[in-house]
Amino acid sequence: EEDPMDTPQARRNAPQAHDSVAAWFEPLLSERLSQAGFGTLRQLVRRINDAGMTWWYPVRGIGVRRAERVVQWLHEQQESTGMEVSLPAHGRRHAP
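About the cut-offs
Residues numbered from 1 in each chain as written. Predicted model: local features only at pLDDT ≥ 70, side-chain atom pairs only at ≥ 80, totals over all residues. Heavy atoms only, no water. Helix = DSSP H or I, 4+ residues; strand = E, 2+ residues; numbered from the N terminus. Contact = heavy atoms within 4.5 Å. Polar contact = N/O pair within 3.5 Å; in protein donor to acceptor, adjacent residues only side chain to side chain. Buried < 20%, exposed > 50% of the residue type's maximum accessible area, 1.4 Å probe, protein only. Arc of directions from axis to C-beta. Phe/Tyr/Trp six-rings, centres within 6.5 Å; stacked < 30°, edge-to-face > 60°.

A. Up close: the environment of Arg60. Turning to its location among the elements, Arg60 is positioned in the loop between helix H2 (41-51) and helix H3 (64-76). Sequence-wise, Arg60 and Leu33 are 27 residues apart; in three dimensions their C-alpha atoms are separated by 8.1 Å. Setting aside residues no more than four positions away along its own chain, Arg60 makes contact with Arg32 and Gln35. Of the polar contacts made by the side chain of Arg60, one reaches the side chain of Gln35; its length is 3.4 Å.

So, in structure tokens, the structure goes:
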């Protein structure tokens, strides 16, 4: 399975909060994030912090594993984006 975060830009620069998700995630994922209203890394982190474990529900075609990889990646970039992600890096699912 391809790494959704393995883009040419991702190998070159450090991500910034105002960056478009399209700069960092593979095209299908970024398109779906944008359609759900999370077009920048800042909007995406804000959504994750506001909604918690279910942040990805409005994003068409994204499952829990991909959602966890997005959160994991955002955790790894916290220093360069300056945005704290409130979800744990390894999405531990809580019983409903």
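B. Region of interest: helix H1 (residues 27-35). Three or more residues of H1 are buried, namely Leu29, Ser30, Arg32 and Leu33. For H1, the buried positions fall inside an angular range of 165° around the axis, keeping them on one side. Along its buried surface, H1 packs onto H2 and H3. Gly37 occupies a position one or two residues after H1 and carries a positive phi of about 100°.

C. Molecular detail of the packing of aromatic side chains. Taken as a whole and assessed by the stated rule, the structure comprises 3 aromatic pairs. Between Trp24 and Trp73 the ring centres are 5.8 Å apart and the planes differ by 40°, which places this aromatic pair in the tilted class. Placement of Trp24 in the segment before H1 and of Trp73 in helix H3 is noted, with a sequence separation of 49 residues between them. Trp24 gets classed as buried once you look at its relative accessible area, which sits at 1%. Trp73 sits in the buried class, given a relative accessible area of 9%. Where Phe25 meets Trp73, the ring centres are 5.1 Å apart and the plane angle is 75°; that geometry is what we call edge-to-face. Note that Phe25 is positioned in the segment before H1 and Trp73 in helix H3, a separation of 48 residues in sequence. Across the pair, exposure class does not vary: Phe25 and Trp73 are buried alike. Members of the aromatic cluster, connected to one another through ring pairs, are Trp24, Phe25 and Trp73.

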